[in-house]
Amino acid sequence: MENTNFAVDKILELCKIPSPTGFTHDICKHIAEELSKMGFEPKFSRKGSVSACLGGEGEHLVLAAHVDTLGLMVRSIKSNGCLRFTMLGGFPANNIEQENVTVHTRDDKTYTGTVYINEPAVHVNRDSGGAKRNDEGMEIVLDEIVKTRDETLALGISSGDFVSLDPRCILTPSGFIKSRHLDDKASAGILLALAKEIADKKLSPKRKISILFTTYEEVGHGASSGFADDTVEMISVDMGAIGDDLQTDEYKVSICAKDSGGPYNYEVTTALINLAKELKLDYAMDIYPFYGSDVEAALRAGYDIKHALIGPGVFASHGYERTHTKAVDNTLKLLRAYIGA
Ligand SMILES: [Zn+2]
């Protein structure tokens, strides 16, 4: 449980670091520092992912979680001084209505603001409830005294600036973790906890193990590069989907049998299920109807590897998400057993 607490601390810490897809340098640097502190030797890929070998010999297994998240980018500055945005990653715009945001300019200034529909006042706009929620009907209202495009430009904000969403991280006394971007920072925290345990207890995995923190997953090419050529197997550690007719919930480790990219590797997926049964873990095997994982990006890039997908169940994915410490614990236990440390 001690290590699960460490994972939860890391999850909350990671959720608070802005990392919309394409703007992941700070979080990757942070992760590299964490891994160095543990005594590992983190490596960066050219496109910004971080990886570290945790030791072991034999068939190389890579555990991959992504640290890029959904977010926004400034598309243009409107005549009223507000910002029109474009979305980074896929989500319905109503999921960010009235969310606080931070604009990150390319010269390292930050400005806060909030996403509203145009004319949000119900005392003025009779149709505020029915108005279309999309990038045309919504805008970012800056917390700055600006009324014109020129005034906003004078702040140094321009098209192409990244915008991060307030994660609103909360750990409740009942063990729920509520935050944006648990997809996939919940798994990234779990991988850091696994690394910490191997380092602290000087464990030697029964095969060669690396962990990989990818970027650009939310736009489809996260794990298409950035790992060693001798990799024979990769497990995407990413959120388990929860919803209609699925068995996964916020307490379970979810093992995915098939998603939009087709079925996962028979041998690896079956081994994970058998292990979960043997350990009497709270787990579910599911089929995610609208889901693509990072390891599929690796396969599409041409790598000849065995692939699987597991992760903690996350409710309300790509919205204000929620999971429970029990799901973190179950995922950590399954991974620990699978790597044989
Ligand atoms: Zn994800």
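Not measured: the values here are computed from a predicted model. (Residues numbered from 1 in each chain as written. Predicted model: local features only at pLDDT ≥ 70, side-chain atom pairs only at ≥ 80, totals over all residues. Heavy atoms only, no water.)

Visitor: In this structure, what is going on with the packing of aromatic side chains? I would like to understand it.
Guide: Two descriptors summarise a pair of aromatic rings, namely the distance from one centre to the other and the angle between the planes of the rings. A full pass over the atoms with the stated rule returns four aromatic pairs. Sitting over the ring of Tyr320, Arg168 keeps its end group 4.1 Å from the ring centre. Lys196 extends its terminal NZ or CZ atom over the ring of Phe6, reaching a point 5.3 Å from the ring centre. (Phe/Tyr/Trp six-rings, centres within 6.5 Å; stacked < 30°, edge-to-face > 60°. Lys NZ or Arg CZ within 6 Å of the ring centre and 35° of its normal.)

Visitor: Would you explain the coordination of the zinc ion in this entry?
Guide: Octahedral six-donor coordination of a metal ideally yields angles of 90 or 180 degrees, compared with 109.5 degrees for tetrahedral four-donor coordination. Taken together, His66 (NE2), Asp183 (OD), Asp238 (OD) and Asp238 (OD) make up the full set of protein donors to the zinc ion, lying 1.9 to 2.6 Å away. Taken together, the four donor atoms coordinating the zinc ion and their angles of 51 to 139° define a geometry best described as irregular. When the donor residues of the zinc ion are listed from N- to C-terminus, their spacing reads H-x116-D-x54-D. Placement of His66 in strand S3 (residues 60-66) and of Asp238 in the loop between strand S13 (231-237) and strand S14 (240-241) is noted, with a sequence separation of 172 residues between them. With respect to class, His66 is no different from Asp238; both count as buried. (Donors = N, O, S within 2.8 Å, 3.2 Å for Na, K, Ca; no water. Tetrahedral: all angles 85-135°; square planar, octahedral: opposite > 155°, others 65-115°. Helix = DSSP H or I, 4+ residues; strand = E, 2+ residues; numbered from the N terminus. Buried < 20%, exposed > 50% of the residue type's maximum accessible area, 1.4 Å probe, protein only.)

Visitor: Mind showing me how you'd approach the nonpolar core here?
Guide: Buried together is how nonpolar side chains tend to be arranged in soluble globular proteins. Of all hydrophobic cores here, the largest spans 72 residues; its most connected members are Leu35, Leu63, Phe213, Met234, Ile235, Leu272 and Leu334. Sorting elements by how many residues they give to this core places helix H4 (residues 182-200) first, with 10 residues. Among residues more than four places away in sequence, those in contact with Leu63 are Leu191, Leu194, Ile209, Ser210, Ile211, Leu212, Ile235, Val237, Leu335 and Ile339. In terms of nonpolar packing, the next biggest core, distinct from the first, is built from 22 residues, Leu72, Leu83, Val103 and Ile140 among them. (Core = buried A, V, L, I, M, F, W, Y, C linked by side-chain atoms within 4.5 Å. Contact = heavy atoms within 4.5 Å.)

Visitor: What's the story with the sheet that holds strand S11 (residues 176-179) in this structure? I'm lost.
Guide: Hydrogen bonds between backbone atoms are what pair the strands of a sheet, whose relative direction is either parallel or antiparallel. One open sheet accounts for three strands, arranged S10-S11-S19; its pairing is antiparallel. Looking at strand neighbours, the two that pair on one side only are strand S10 (170-171) and strand S19 (321-324), the edges of this open sheet. Direction of pairing for S11 relative to S19: antiparallel, over a ladder of four bridges. Counted as the bridge partner of Ser179 is Glu321 from S19. Of the strands in this sheet, S11 and S19 touch H4, which is tilted by about 30° from S19. Along the sheet, helix H7 (residues 325-339) contacts S10, S11 and S19; its crossing angle with S19, the most-contacted strand, is approximately 65°. (Pairing = 2+ DSSP bridges. Axes fitted to C-alpha atoms, helices over the stretch in contact; angles between N-to-C directions.)

Visitor: Looking at this structure, I do not really get the domain arrangement of the protein. What am I missing?
Guide: Much of the literature gives interface size as the accessible area that the parts lose upon coming together. Segmentation of the protein into domains returns domain 1 (2-69 + 181-339) and domain 2 (72-165). Facing 10 residues of domain 1, the contacting portion of domain 2 comprises 10 residues. For the domain 1 and domain 2 pair, buried surface summed over both sides reaches about 790 Å², with 67% attributable to carbon and sulfur atoms. On the domain 1 side of the interface with domain 2, the three residues burying the most area are Pro20, Phe23 and His318, jointly 48% of the side's total. Counting every contact that joins domain 1 to domain 2 gives zero salt bridges. Linking domain 1 with domain 2 are two residue pairs in polar contact (both at pLDDT 80 or more), by the criterion used here. (Domains from an automatic or database assignment. Buried area = accessible area lost by both parts, 1.4 Å probe. Salt bridge = Lys/Arg side-chain N within 4 Å of Asp/Glu carboxyl O. Polar contact = N/O pair within 3.5 Å; in protein donor to acceptor, adjacent residues only side chain to side chain.)

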